[in-house]
Amino acid sequence: MSTPQHHAIVVIGAGIAGATIANELLQRGQSVCIIDAASSPASACSSHAYAIAHPHIGKGSPRLLRLTKIAFLLAEERWSKGWHQHGIFQPTKKGKAFDRDELLGHLQALGLNDEIAKPLDAMEAKALCGIEQSGVWLPRGATLSLAKAAKELLQGHERLMEVWSTRITRLESCDGRWFMFDTAGNLVVSADKVIIAAAMESKALMVSINIRLPLKPVRGQLSIFSIAKNDPWAARLPRVGMSGDGYCLPAQELADGSYQWIVGSSFDEGEDDLRASDSSDNFNREQAQGLINYGEGCTASLKLKNSFVGVRCVAGDRLPIIGALTQRPGIFLATALGSRGVLWSALAAKLISAQVLEDDFALLTRLGFAADLVAALAPARFFAGALAAPSALGALASNSKPIFPSGPSAK
Ligand SMILES: Cc1cc2nc3c(=O)[nH]c(=O)nc-3n(C[C@H](O)[C@H](O)[C@H](O)COP(=O)(O)OP(=O)(O)OC[C@H]3O[C@@H](n4cnc5c(N)ncnc54)[C@H](O)[C@@H]3O)c2cc1C
């Protein structure tokens, strides 16, 4: 083996996950080499300019609820610049009665005070959000351009080495170092520690070291609609973001009096076709009707201006995979961010950097990272024996055969 350039830390993948982790490590005084198959950051799913963020408040999956609260606070702090806080309204599920006391109890149990989440009846929601439906108001909910954020995170660092247009297809370990090879089989770099943030391609990279991850692609399409100034829809458009069955950004009034409204998104499991499709835009038109409870609204009034298509990477249990791969010392994973790239990348940056640098566990505890949450995110949860023996650094695995946890799945 010839001697490649050696680094203490290499990050594979410069989407929002890889860029955020690299930035955290750089801020903590480390030197980092980041490698991406594309010629610039955020070329894949993180080319998304309209990602929303809010803590999850649904019922069930208590670990997911605790994790999204921690992640939301971390994301808010990390992206104060570029963080467009407009508030997000989550309508009550269709057919369910609004019970303010019950909701208040639920939100309090999640540790969410009314600065973060507040029940609203239909009249209050109409006054605040322009939507006559009951639900929960999340005043700190926001939108972030993942593309801009990822690019900015990698700008102006002396200790950052960037390797673009290089696809890593194989990892090999020798004498405590990890060697990384490109498509042509050429040795690219070696490192003591490698953070794999290559979304779906993390799966193939892991196969090269005999680890099988249960990842699958989920295609999604977001539609950017234009609505004429005098159209009946115009009077019903939300002034805030909404999240429920689908999501939307606040409708934006343009100089000519028409509106731009971004609505999404399709959730096509197992699909990875990046071409925009009419059927996904039509699906989003129906989501738009459902979100603002306007079933009689003519969908032809939602004229398509543009679409964004991306392929999410999702794990079998719908939680992200974040943490040290204990079966392969020196390998760390940050993948399966699903539909929560904003939240999980902020959380991954703190968790992975603490594990890579083997410090800061007290800080993690202060941030609320209890051992069960770290184990719930750990790659080892998919391997036989993992669930029986969780540790503070993630469950220890007995082998690399994947299993699917039987706990409630998180959406
Ligand atoms: C329609 C849609 C709507 C969404 N809405 C939201 C939302 O509202 N809020 C939210 O938080 N999230 C949302 N998401 C999810 C969010 O976009 C993703 O979770 C996030 O972008 C994933 O980031 P990533 O860094 O893990 O992956 P990516 O952005 O896909 O980055 C992976 C990087 O790895 C590189 N790479 C891959 N393989 C290799 C290799 N072998 N060698 C070198 N480099 C490699 C790629 O070039 C790429 O740059 C949405 C997604 C979609 C599709």
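What counts and how
Residues numbered from 1 in each chain as written. Predicted model: local features only at pLDDT ≥ 70, side-chain atom pairs only at ≥ 80, totals over all residues. Buried ≥ 20, exposed ≤ 12 C-beta atoms within 10 Å, placed from the backbone. Helix = DSSP H or I, 4+ residues; strand = E, 2+ residues; numbered from the N terminus. Arc of directions from axis to C-beta. Contact = placed C-beta atoms within 7 Å. Pairing = 2+ DSSP bridges. Core = buried A, V, L, I, M, F, W, Y, C linked by C-beta atoms within 7 Å. Domains from an automatic or database assignment. Near = placed C-beta within 6 Å. Nonpolar A, V, L, I, M, F, W, Y, C, P; charged D, E, K, R; others polar. pLDDT = per-residue confidence, 0-100. Expected span 1.5 Å × (residues − 1).

Draft legend 1. The arrangement of helix H5 (residues 146-153) in detail. Within H5 the residues assigned to the buried category are Leu-146, Ala-147, Ala-149, Ala-150 and Leu-153. Buried residues of H5, seen end-on, are gathered within an arc of 165° and therefore sit on one face of the element. Check the buried side of H5 and you find it contacts helix H1 (16-27), strand S3 (51-53), strand S8 (142-144) and helix H8 (341-357).

Draft legend 2. The arrangement of the sheet that holds S3 in detail. Taken in spatial order, the 3 strands of this open sheet run S3-S8-S4, and their pairing is antiparallel. A single partner strand is all that each edge strand has here, and the edge strands are S3 and strand S4 (84-85).

Draft legend 3. Structural detail: the nonpolar core. In terms of nonpolar packing, the biggest core is built from 127 residues, with Ile-21 and Ile-195 touching the most fellow members. No other element matches the 11 residues that H8 contributes to this core. Per-domain counts for this core show at least three residues from each of domain 1 (5-47 + 147-214 + 317-382) and domain 2 (63-141 + 217-312). The residues touching Ile-21, leaving out its near neighbours within four places in the chain, are Val-11, Ile-195, Ala-197, Ala-334, Ala-348, Ala-349, Ile-352 and Ser-353.

Draft legend 4. Focus on the domain arrangement of the chain. Here the domain parsing of the chain yields domain 1 (5-47 + 147-214 + 317-382) and domain 2 (63-141 + 217-312). Here domain 1 and domain 2 have C-alpha centroids that lie 30 Å from each other. Counting from both sides, the interface comprises 19 residues of domain 1 and, opposite them, 17 residues of domain 2. Residue assignment for the side of domain 1 that touches domain 2 shows that the elements contributing at least two residues are H5, H8 and helix H10 (371-377). The biggest single contributor to the side of domain 1 that touches domain 2 is H8, with 6 residues.

Draft legend 5. Structural detail: the site of the ligand. By nearness alone, 42 residues border the ligand, and Gly-13, Gly-15, Gly-220, Gly-310 and Gly-341 come closest of all. Taken together, the elements giving at least two residues each to the shell around the ligand come down to H1, S3, helix H6 (201-207), strand S13 (215-227), strand S19 (303-315) and H8. Classifying every residue of the shell around the ligand gives 22 nonpolar, 15 polar and 5 charged. When residues of the shell around the ligand are assigned to domains, at least three fall in each of domain 1 (5-47 + 147-214 + 317-382) and domain 2 (63-141 + 217-312).

Draft legend 6. Local environment of the confidence of the model for the chain. Scored by pLDDT, the chain has a mean of 91; 92% of the residues are at 70 or more. Of the regions scoring below 50 in pLDDT, residues 386-411 engages in 73 contacts with residues more than four places distant in sequence or in other chains.

Draft legend 7. Quick peek at helix H2 (residues 62-78). Between its terminal C-alpha atoms H2 stretches 24 Å, which fits the 24 Å expected from 17 residues at 1.5 Å a residue. The buried fraction of H2 amounts to 13 of the 17 residues, a majority that puts the element mostly inside the structure.

Draft legend 8. Expanded view of the environment of Asn-230. Summarising the element assignment, Asn-230 is placed in the loop between S13 and strand S14 (241-244). Overall, the presence of 9 C-beta atoms within 10 Å leaves Asn-230 in the exposed class. For the pair formed by Asn-230 and Gly-257, sequence separation is 27 residues and the distance between their alpha carbons is 8.7 Å.

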